[in-house]
Each structure stands twice: as C-alpha cells, then as structure tokens.
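These are the residues of each chain, in order.
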Amino acid sequence: MQGEESVKFAHLIEKNPIIQKVISNVNHELVARRGNKPSVCKVFLNEFTKLKDTDEFVFEIHKEAKKCLPDIIGNKVQFVEGAGSPDGPFIEKYCNKRNIGIVFSGGPAPGGHNVIAGFYDAAKKANPESRIYGFLLGPDGIVENEYVELTDGIVDAYRNLGGFGMIKTGRAKIDSKEKMRLSKETCRKLKLDALVIVGGDDSNTNAAFLAQEMYKDGIQIIGVPKTIDGDIQVRDSKGTVLCAISFGFHTAALAFANAISNLCTDSNSDVKYWHICKVMGRVASHLALEVALQTHANITLIGEDLAEYTDSRRIEKAKKEGTPDYMAFGVTLRHLSRVICDGIVRRAAVGKNYGVMVIPEGILEFINEIQVFIIKFNTIIAQYNSTHDTDFHTNFPILEDKLEYLRRLAKTSREEGTFTIWNTRDDDLFNDIPAFFQEGLLMERDSHGNFQFSQVETEKVLMGLVKDYLNILKEKGQYKIGLSKVYYAKTLEKGNLNPDIFGPVLFKNYGDEFLIVKETITSVKTLKQALVRDGIIQESDKIPTEVEKIFKKSIPSFKTQVHFYGYDGRGSDPSGFDCVYAYNLGLTAFSLTANGATGQMAAIKNLENEFEKWEPIGIPIAPLMHNEERKGKLDLVLGKTIVDVNSPCFQIVKALREKWLGAVAGEDDYRRPGPIRFVGKCEDDRPLTFVLNELAKRSLD
Ligand code: FBP
C-alpha cells in the first residue's frame, strides 16, 4: 500500500523533468561511454583485410596436441593485413552473408561488450545481412540453443560498458559427446558459419577442441583471450611476446588499485588498522603485482616469489649432514606468517602500527604443504569417482563425512602397510587445520577441474597465524610501538620530569629518532622493577603518570580490517585501454572469420608499445597446449602464465619492497592511481607491469 507521502512524491517525479533527469539511470557518464568510439588499429582503416601466415614464430608442440588436434595443429601465426584492392572472388567471400554465434565463457572481464561491438560492426560492415547470434548464459546457451539475435539497439546499449550483461556468461564446459552433439545440432539449426568464444585459458582450450570437432563440418571456431587474471600471455618458444595480456586485466587491476589506494590514505590518517586486501587471480599473482606498482602498498605477497624461496640455513645444515632437506625449498604457511610479522614489527618500531597488505587470491597454490594437500585431494576424489562411478561430493556432503572417509584411508594405509596417497601423517597434519579451511580445501572443483580459490578465506588462515605469532612477539617484548623522541620529551617535561634520566632506563635505543621500550619491560610491574633497579624511584613510590603513559603508548594492539577485491573489479566499466583493446580484438576476430581461419585466437601483438604499433594477429591455439593435472588426471589444456620472477617488472617491485614497506621515519611512499578513465592519457593508461618490462628491455638492450 502506497502511503499519502509516497503518492505525493510519485506525482512530483512525474511532473518534474529536472528531478526525472537527476534520478534517471541514463546519466552523463553512461551517455559519454556509449557514445565513445574506440580508436582502431591502422590496418582496420582498410575496407578489407586479409591474413598472412608467418613462420617467424615457432612453438614446441606437445605430442598429445598433435594426436588430439590433427586438423588445427599445423596452424601458423597470422598477421592481419590490409587487402588493398582485392579481386571479385575475394570480396565475394569476404562479404559473404554469414551466420555467426558469439559466446562469453567464464568470469566477466571489463571490455567484453566491446569485443562483441567490434565484431558486430565489422561483420555488418562487410554484409549488413549477416546475422550475429549471442548465446545466452555461456556455453550452456550453445548446448541448449538459447540465444538472442544481436541488433544495433542491443549492441549500442552496451558499448564501452562493463560486465557481460548483454548475453550473460557461464562456466559450463562442452566436454562430453552429448554436449558436443547438441552443440553441433545448434550450429546446424542456426546454419552457423562460425562461432566466437570469448574466454580464458580453459575456454580457449574448449575452443580448440570444438574447432577440431567441427572442422569437417566447415564451422570455424575463433577464440578471444579474456580474463581479469592476466594469465593468458602468449610467447613463442624463443620468448617473443605475441599476446602480452588478456582484456579485462587492466581495468580490474585499476579498480582494485583505486580502492586499495583509498585504504592507504585511510590507514595513514586513522593510524590504527592494518588493511588486509585479498585480490583476485585464481592462481597467478599478476593482479597483485600490478596493484603493488599502482599503489605502493606496504606489503604485497607474490605467490610465484614464495615458491622460489630457499632456506639457505637449512640447505647449508643439510649439506653438512649429507642428507637432503626438502622442506628447505618453498615457503610454509608458518614461515610466511613470520615474514609478514617481521614487516609489521619493523613498521611499528617507527611508530607505524598500521599499513596495507595485499594478498593474491591464489597464494595457497604456492605454499608447500597446501599445494601437496590440493594435489592429494584431486587424486583421491578422482580415484573415488572412477572406482565408485559416483560423485564424492554427493556421497560425502558435509565436512565430517569427508574427514571420516580420509580417516578410513589413513587407517587402511596403516593396517595394510602399503604406501597409499593418504597416510596417518597426512591425516594428523590436516587435522591441525581449522575446520573452515579444511572445508575450503575439500570443496568441489569447478567444471574445468580448477581449485576455487575465491571461495577459500585465505586471508583468515594467514592472518590467524600472524596474530598468534605477533602475540608471542609481544609477550617477548619484541613487538612494540616506537615513540618519537620529541613526543617523549614533551610528555615528560609536562610532568616536570627529566627525559634524560628516564630515557636510558626505559628505552633500548635512547638517542634515536624513534624510541623503543626495552624488551624486558612488558608490563607495569616490569616497568616499576626497572625504575627501582636503576634507582630512579623507590619501591614505595608510584610510577610517575607521564612515564606510565609513555609505556602504555608503546604497547601495540594489532587491529585488522579484511577486504576482498574481485567481483567489484570484474564488474567495473572498462578503462580506455580495455575499451580500445577489446574493440580491436572484436575486429580481429571478424578478420579471422572472414578469411576462413579456425582454431585461432584473436590477439594484438605489440600491446606493450604505443597504440600506433599494435598489430592484430591470429595465434594458433593447438600448439600452445600441453598436459596438466586436472581433477586427478592429465588433461590437454592451454597453459596458464604465472608471474615470471625474473621479469624486470617483478625485479623492480622487489627492489622497491623495502621502500614501500616504509619501516623508517617519515611519510609512506603511497601512489594514487585515481579512478578508471575511459578516455585521456596518463602514465597508467596501459598496465604498468608490461610498460616496465618494455622500458627495461629497451634500456637494457
Ligand atoms: P576467468 O578465468 O573465467 O576469467 O575468471 C577469473 C576469476 O575472476 C578468478 O579471478 C576467480 O578466482 C574466479 O574467476 C572466481 O570464480 P567465480 O566467478 O566462479 O566465483
């Protein structure tokens, strides 16, 4: 029931066009975005484009890829070139009336709508009669023949806008004979000439298998590299970069960086919290690395860096003893928590008991003991499913059931004495882990067999250990807040006390800019003992109020605020870079289609350089594939690219780590990336990670 007031205001809205404009969802930003025309690569200024195969780039071909994808394994890298003044047959073929399907697959990534817009514009320009079908809700739309025919109205409404709202997305995989049969049926019903799959590594893997399967039917399959994770990067076997990054990465990183930069400002103002920011990126830490460069947060963990860690003391000891020590390689959760605590304690010592820490979502993948658990569970679950021809997660729906099954495995291993994948030691170690984390590790994998890191509260696990260790350090008197010498002197002088008399008794570094209370002074009681022992006060005296105040100020309390940056960045409106990049990917995908390619992925070479140097290309997907463990067995997939710890951009971050930690007196080195812009130039109008790689390459060459 509408109240009288609501009716009154409903009338007001109805009658007042200015109010209507203010509350309309079509605001200035939306109109400007929709009206923005992304720049196109020079080659697309030609009326027609053609493809030129090149042998310049070579790949190491996996024998399984050769066996499974025979019709597309011989594909070459293709440059998109202007077709000049082509002959009649070329024009006829190029401008053929086509039916083409397009689908989003996997998580949203900013720029997706521009891929469709670029593709749609090019297809309609070649032949306005061509029909473009958008399959709904991801690959399931192909299997179930659920689609919408795209029109100017639909496409125009989403130009330069974030999300995948136009046709939605889904994570299904066309991985069974039945799904393949149904997909072919859809293609037949719609008389499709081609299908464009806009997706990540797994979706492009799927694209290669579809290309092979539909090769004889003459249906072309083209992939487009999408994912905010930034883990689709293509190099040939000589290391030449063919695709520096997928679209969506830049915007997501900027969105995270902007929010995290605001936390740096808050933390530095309110000086009481450590902000713990988990950022998306299923496995690779590319997003965290870019955020580090964008914000200069105090601590940024990079998973790939942790995996490289070697404990030189342990290695030395093992060498002397003549026994290998496998635990000397890679970081354990406990060790990592110690490294984090070291940073926190050092900042506190200069009065900064606050800061900002960035944790990549996939960090667990790089932690020794967790990686072992993940691999073991993948195998155990796969073995269970194939032996019992049923589903592990359906049969053991709750954690207790799963743990009971593991206990039984450990018991069998103990009683039968044979080596099995799960023994008593594994069981004991696993039982030391908090229940919520056990549940996370045993969770169902996604349709592609990936561990779902976004569902696990990684930061909770890590910060639990950090808090425990900080408490130990606090009890030992090693975690203290450093107090400025000036503040100390002023406080004591207010009580008519001589700072130089109390200073040497209270502090271990009296004379420094930031004073740290001695480790032995951890309570009011030990404070009094120290003062009495040095003859500053008598046993019967009270501790002077100002001295007690100084002591209390030195006692830290570790307060955190935890944030997760993922879905918000994925849903952001695209940056100028992603608007232009994605639109040109759409144009490239059409050029590949119009020129008869299949099993190719649209890409832009030289993305790390100025726009004028961008070169649209087609990359063969099959030669990029290799075998990887998925759901406990080896599968042929397109490999993910993780952070290269030898890359200049990582080395630059490493070189600046100490500066950004800011464990020295003075202001922190925080950087303000600012909000996402879709037009205009600035230094971060491309991802800083590859700008730095390129700049370093140029100056080191
Ligand atoms: P894609 O690889 O499909 O682009 O998705 C990436 C991602 O956003 C990861 O960063 C994250 O771990 C995952 O998707 C989250 O998955 P979901 O959307 O199923 O929660």
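Within every chain, residues take consecutive numbers counted from 1 along the sequence as written. Given that this is a predicted model, residues contribute local features only at a pLDDT of at least 70 and side-chain atom pairs are listed and counted only at 80 or more, while totals for whole chains, interfaces and linings are drawn from all residues. Where side-chain values are given, they derive from all heavy atoms of the structure, hydrogens and water being excluded.

Chemist: Just give me the short version of the sheet that holds strand β15 (residues 560–565), but keep the residues and values in it.
Modeler: Ordered by their spatial adjacency, four strands build an open sheet running β11-β12-β10-β15, and the pairing between neighbours is parallel. With one partner strand each, in any of the chains shown, β11 (299–300) and β15 form the two edges of the open sheet. Of the strand pairs in this sheet, strand β10 (residues 274–279) and β15 are connected by six bridges, and their pairing is parallel. By the bridge assignment, Val279 is partnered in β15 with Tyr565. The contact criterion used throughout is that any non-hydrogen atoms of two residues lie within 4.5 Å. Under this scheme, a helix contributes an axis fitted over its contacting stretch, all axes are lines through C-alpha atoms, and angles between N-to-C directions fall in the 0 to 180 degree range. Labels follow the DSSP assignment, with helices taken as runs of H or I lasting at least four residues and strands as runs of E lasting at least two, numbered in each case from the N terminus. Of the strands in this sheet, β10, β12 (355–360) and β15 are in contact with helix α11 (residues 249–270), which crosses β10 at around 170°. Its contacts with the sheet put helix α12 (residues 286–295) on β10, β11 and β12, and the angle it makes with β12 is roughly 155°. Two strands are said to pair when DSSP picks up at least two bridges between them.

Chemist: Give me the lowdown on the packing of aromatic side chains, citing residues and values where you can.
Modeler: Ring pairs shown here join Phe, Tyr and Trp side chains whose ring centres sit within 6.5 Å, with only the six-membered ring taken for Trp; geometry is labelled stacked below 30 degrees between planes, edge-to-face above 60, and tilted in between. This structure, assessed with the given rule, holds 32 aromatic pairs. Ring centres 5.9 Å apart and planes at 80° place the aromatic pair Trp422 and Phe430 in the edge-to-face group. For Phe430, a relative accessible area of 0% puts it in the buried group. Note on geometry: a ring has a charge over it if NZ (lysine) or CZ (arginine) is within 6 Å of the ring centre and within 35 degrees of the ring normal. The aromatic ring of Phe436 is capped on one face by Lys460, whose charged end is 4.2 Å from the ring centroid. The aromatic ring of Tyr510 is capped on one face by Lys485, whose charged end is 5.8 Å from the ring centroid. Only protein chains enter the accessibility calculation, which uses a 1.4 Å probe; a residue whose area is less than 20% of its type maximum is buried, one above 50% is exposed, and one in between is partly exposed.

Chemist: Break down the site of the ligand for me, citing the residues and quoting the values.
Modeler: Taken together, 15 residues surround the ligand, and among them Gly107, Arg171, Asp229, Glu361 and Tyr567 come closest. Residues adjacent in sequence count toward polar contacts only when both atoms are side-chain atoms; beyond that, a polar contact is any pair of N or O atoms within 3.5 Å, and within protein one must be able to donate a hydrogen and the other to accept it. For the ligand, an oxygen atom lies 2.8 Å from a polar atom in the backbone of Gly107. Within the side chain of Tyr567, one N or O atom sits 2.6 Å away from an oxygen atom of the ligand. All accessible areas in this document rest on Shrake-Rupley with a 1.4 Å probe, and a residue is counted as covered only by the protein chains that are shown. When the free accessible area of the ligand is taken as 480 Å², the share hidden by the protein chains comes to 88%. Under the convention adopted here, Pro, Cys and the residues Ala, Val, Leu, Ile, Met, Phe, Trp and Tyr are nonpolar, Asp, Glu, Lys and Arg are charged, and Gly plus all remaining residues are polar. Among the residues making up the shell around the ligand, the classes are represented as three nonpolar, six polar and six charged. Whether a residue is near a molecule or strand is decided by its heavy atoms; if any one of them lies within 4 Å of it, the residue is near.

Chemist: Kindly report on the environment of Ala318, identifying the contributing residues and their values.
Modeler: For Ala318, the position within the fold is in helix α14 (residues 312–321). Between the C-alpha atoms of Ala318 and Arg334, which are 16 residues apart in sequence, the distance is 20 Å. The contacts of Ala318, once residues within four sequence positions are left out, are Thr323, Pro324 and Asp325.

Chemist: Go over the nonpolar core, please, and point to the residues and values.
Modeler: Residues belong to a common nonpolar core when they are buried Ala, Val, Leu, Ile, Met, Phe, Trp, Tyr or Cys residues joined through side-chain atoms within 4.5 Å. In terms of nonpolar packing, the biggest core is built from 123 residues, with Phe256 and Tyr581 touching the most fellow members. Per-element accounting of this core gives the leading share, 11 residues, to helix α27 (residues 576–594). Reported domain spans reflect what an automatic or database domain assignment gives. The residues that make up this core include at least three from each of domain 2 (39–247 + 574–630) and domain 3 (249–472 + 560–568 + 646–666 + 675–700). With near-sequence residues (within four places) excluded, Phe256 lies in contact with Ile228, Val279, Met280, Leu287, Val291, Tyr565, Gly566, Asp568 and Gly569. Counting 55 residues, the second largest nonpolar core, distinct from the first, contains Ile276, Ile370, Leu406 and Leu465.

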